[in-house]
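Breakdown of the fold
Here are the chains, one letter per residue:
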Amino acid sequence: MGEVIVVTSGKGGVGKTTTTANIGTGLALLGYHVVLVDTDIGLRNLDVVLGLENRIVYDIVDVTSGNCRLKQALIKDKRFEGLYLLPAAQTKEKTAVSVSQMVDLCNDLEKEFDYVLVDCPAGIEQGFKNAIAGAHKAVVVTTPEVAAVRDADRVIGLLEAAEIKDPLLIINRFRPEMAKKGNMMDIDDVIEILAIELLGVIPEDELIVISTNKGEPAVLNQQSIAGQAYRNVSRRITGETVPLLKLDVSNGLLMRLRKLIGMG
Amino acid sequence: MSQNVIKIKGTREGLIIHLDSRRSFNDLKEGLNERITTSKGFFKGAKFTFEHIPEGLSAKEQKELEAICHRNGLIPVKDSVKRPHKNLPQTQKKMVTPEQLLAESCTLVTRSLRSGQNVTCPNHLVVMGDVNPGAQVSSAGSVFILGTLRGNVHAGIFGDEKAVIIACSMLEGQLRIASLPFYEIKHYSQHKQAVIARAVSGRLKLDTYHSSLYKKYF
């Protein structure tokens, strides 16, 4: 029996899809059987981030409405053993899938895979309710901005109400030099408000934009510091204890770290 | 010995003197005497009544016991002093006025309130946790937050201007008391001290909380 983990945030544009793609790929790199489920019906993106957009035949709505079998809709990522995508439908709306259909789908997937990662749409409406319906665990993604943190707080409240206990926090696009000058919320400020366990801090990294456009998750790039952070997050999800990346402000050390990762 | 023969309980309406019905009149008399005289005038001026009067006790003997009390300054009450019951009968419960209820009861919330979560209560409110941005707390009485306040709090929603808001720290958010103009918090509590918000001449005022303030305003 696998684990169903929903990746959610409330606010849009904080990096849910990027996080789902990277954690999923990271887990597959560690040798696990992983399926990524895109529940952002009507605004699908996960397929693009993974570089699988031209291989979609069937989607999640086809599965839930019985147009095809589950196995037919799953797209295998050829780069790794054990990474699959269940894409969202682009021409339908969120209401095309119901909560009970989603629960059934998650139940079917967790029998086949070690990890089922559900990419949740922004907002707290039907799409959100669908995405969390079958989940056992939740990862809440936020950026160190007041608006994103407030939305994350709202979502954590809703997750608790839905009895998804102890969500884990990812702080994305963190810029240590700005936080140090006091121009950005620090990690401690975010944790103090949200009061949930920290799963990881992903530093701001230009390589993320490049990798997203190319359809190659940053975890595959040994040069990317964000990729390194996502690799660590993946290992933490499997239960391993991995210390947080040292995001030192001094540029020299950051460069040294990059070099180190490059060499390793 | 007198400890066992005579038990005295204090209630709001007066003393209840419990007589051990298994003891003889002489035991009771001796015990009562000893108990009251050793109290050195502690019971003086208090109203009292007997409870569990032994069946064998004659009216004359009962009078004699009352006289002992009377001599020591206790005042006998004709109607027996009512014992307060933990479970009041329904009819008595209904007699409690809303004002009394407001003054005496309090709602306890044992978690943090996150964005979008609301709590409204008809009395005082104690939150054991934080009130985060986007959370709303409303109360007919005062609000006590054993944590950090970053959200919206409205105390005295039915117009009680004596209501106060106390929090371990107030960092952001909006405060309201009764129908007074709102107060916007801007990083009030930098030092780790509790903060009290109260109405002073028609406006909300914030202070670092101190127990002497408490005495002045309650």
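Cut-offs and rules
- Residues numbered from 1 in each chain as written.
- Chains lettered and ligands numbered in written order.
- Predicted model: local features only at pLDDT ≥ 70, side-chain atom pairs only at ≥ 80, totals over all residues.
- Heavy atoms only, no water.
- Helix = DSSP H or I, 4+ residues; strand = E, 2+ residues; numbered from the N terminus.
- Rg over C-alpha atoms; globule rule 2.2 N^0.38 Å.
- Buried < 20%, exposed > 50% of the residue type's maximum accessible area, 1.4 Å probe, protein only.
- Contact = heavy atoms within 4.5 Å.
- Areas by Shrake-Rupley, 256 points an atom, 1.4 Å probe, with all protein chains shown as cover.
- Lys, Arg positive; Asp, Glu negative; His and termini not counted.
- Charge placed at Lys NZ, Arg CZ, Asp CG, Glu CD.
- Pairing = 2+ DSSP bridges.
- Axes fitted to C-alpha atoms, helices over the stretch in contact; angles between N-to-C directions.
- Parallel < 35°, antiparallel > 145°, perpendicular 65-115°, else oblique.
- Left-handed = near helix turned anticlockwise from the far one by under 90°.
- Expected span 1.5 Å × (residues − 1).
- Arc of directions from axis to C-beta.
- Buried area = accessible area lost by both parts, 1.4 Å probe.
- Salt bridge = Lys/Arg side-chain N within 4 Å of Asp/Glu carboxyl O.
- Nonpolar A, V, L, I, M, F, W, Y, C, P; charged D, E, K, R; others polar.
- Right-handed = clockwise from strand over helix to strand, strands pointing away.
- Patch = residues over 30% accessible without salt bridge, like charges linked within 9 Å, V, L, I, M, F, W, Y side chains within 5 Å.

**Observations regarding the overall build of chain A**
Helix and strand content of chain A: 12 helices and eight strands. Computed over C-alpha atoms, the radius of gyration of chain A comes to 18 Å, within 12% of the 18 Å expected from 2.2 N^0.38 for 264 residues, which places it in the range of a compact globule. With respect to the three principal axes, the spread of C-alpha positions in chain A is 55 × 40 × 30 Å. By the burial criterion, 54% of the 264 residues in chain A qualify as buried. Considering only contacts in chain A between residues 6 or more positions apart, those separated by 24 or more positions represent 74%. Summing over all exposed atoms, chain A offers an accessible surface of approximately 11,900 Å²; the carbon and sulfur share of this is 49%. Treating the 29 positive side-chain charges of chain A as one cloud and the 35 negative ones as another, the clouds have centres 5 Å apart.

**Thoughts on the pairing of strand β13 (residues 183-186) of chain B**
A regular strand carries its side chains on alternate faces of the sheet. All names here are of chain B. Looking at chain direction, strand β12 (residues 172-177) and β13 are connected through four bridges and run antiparallel. By the bridge assignment for β13, Gln-174 is matched with Glu-184. Counting the residues between successive antiparallel strands, the hairpin from β12 to β13 contains five residues, one of them, Ala-178, with a positive phi of roughly 50 degrees.

**Let's talk about the packing of helix α1 (residues 16-29) of chain A against helix α11 (residues 225-237) of chain A**
Residues and elements named next belong to chain A. At a closest axis distance of 8 Å, the pairing of α1 and α11 adopts a crossing angle of 65 degrees. In terms of their interaxial angle, α1 and α11 are classed as roughly perpendicular. At the point where α1 passes α11, the crossing takes the right-handed sense. Contacts from Thr-18, Thr-19, Asn-22, Ile-23, Gly-26 and Leu-27 of α1 reach α11 at Tyr-230, Val-233, Ser-234 and Ile-237.

**Details of helix α2 (residues 25-38) of chain B**
Turn by turn, an α-helix covers 3.6 residues, leaving residues three or four places apart pointing in a common direction. All names here are of chain B. Between its first and last C-alpha atoms α2 spans 20 Å; for 14 residues at 1.5 Å apiece the expected length is 20 Å, and the two agree. Along α2, the residues that are buried comprise Phe-25, Leu-28, Gly-31, Leu-32, Arg-35 and Ile-36. Taken around the axis of α2, the buried residues stretch over an arc of 130 degrees, which confines them to a single face. Those residues of α2 that are exposed and aimed more than 90 degrees away from the buried face are Asn-26 and Thr-38. With its phi angle positive at about 50 degrees, Lys-40 sits one or two positions after the end of α2.

**Some thoughts on the interface of chain B and chain A**
With nine residues of chain B at the contact, the number on the chain A side is 11 residues. Contact between chain B and chain A buries roughly 910 Å² in total, counting both sides, with carbon and sulfur atoms accounting for 38%. The largest contributions to the chain B side of the interface with chain A come from Arg-114, Ser-115 and Arg-150 of chain B, which together make up 56% of the buried area. At the boundary of chain B and chain A, one finds three salt bridges. A salt bridge links Arg-114 of chain B to Glu-160 of chain A; its shortest N-O distance comes to 3.6 Å. Among the residues forming the side of chain B that touches chain A, the class breakdown is one nonpolar, five polar and three charged.

**Focus on the pairing of strand β3 (residues 47-51) of chain B**
Residue and element names in this part refer to chain B. Taken across its five residues, β3 has four buried, putting it largely inside the fold. With four bridges joining them, strand β2 (residues 15-19) and β3 adopt parallel strand pairing. Directly across from Leu-15, in β3, lies its bridge partner Phe-48. Between the parallel elements β2 and β3, the chain passes through α2 in a crossover that is right-handed. With two bridges connecting them, β3 and strand β4 (residues 75-76) associate as parallel partners.

**Digging into a nonpolar patch on the surface**
Side chains of Leu-108, Met-128 and Leu-146 of chain B sit close together on the surface and give an oily, nonpolar patch of about 300 Å² of accessible area. Tracing the backbone through its elements, the reader meets Leu-146 of chain B in strand β9 (residues 143-149).

**Here's the deal with the pattern of salt bridges**
Counted according to the given criterion, the structure contains 16 salt bridges over all chains. Here Lys-94 of chain A ties to Asp-40 of chain A by a salt bridge, and the two come within 2.9 Å at their closest N and O atoms. Within this pair, whereas Lys-94 of chain A is found in the loop between β4 (83-86) and α5 (99-112), its partner Asp-40 of chain A is found in the loop between β2 (34-38) and α2 (46-50), the two being separated by 54 residues in sequence. For Asp-40 of chain A, a relative accessible area of 13% corresponds to the buried category. For Arg-175 of chain A, the salt bridge goes to Glu-177 of chain A, with nearest N and O atoms at 3.7 Å. Residue classification places Glu-177 of chain A among the partly exposed residues on the basis of a relative accessible area of 33%. Residues joined in a network through salt bridges with shared partners are Asp-153 and Glu-160 of chain A together with Arg-114 of chain B.

**Thoughts on the side chain of Asp-119 of chain A**
All names here are of chain A. When you line up the elements, Asp-119 lands in strand β5 (residues 115-119). The side chain of Asp-119 sits in the buried core without any salt bridge; Lys-16 is the nearest counter-charge, 6.2 Å away. Here Asp-119 is in contact with Val-7, Lys-16, Thr-17, Thr-20, Val-37, Asp-38, Thr-39, Asp-40 and Leu-46, once residues within four sequence places are set aside.

Any link to function would need more than the numbers given here.
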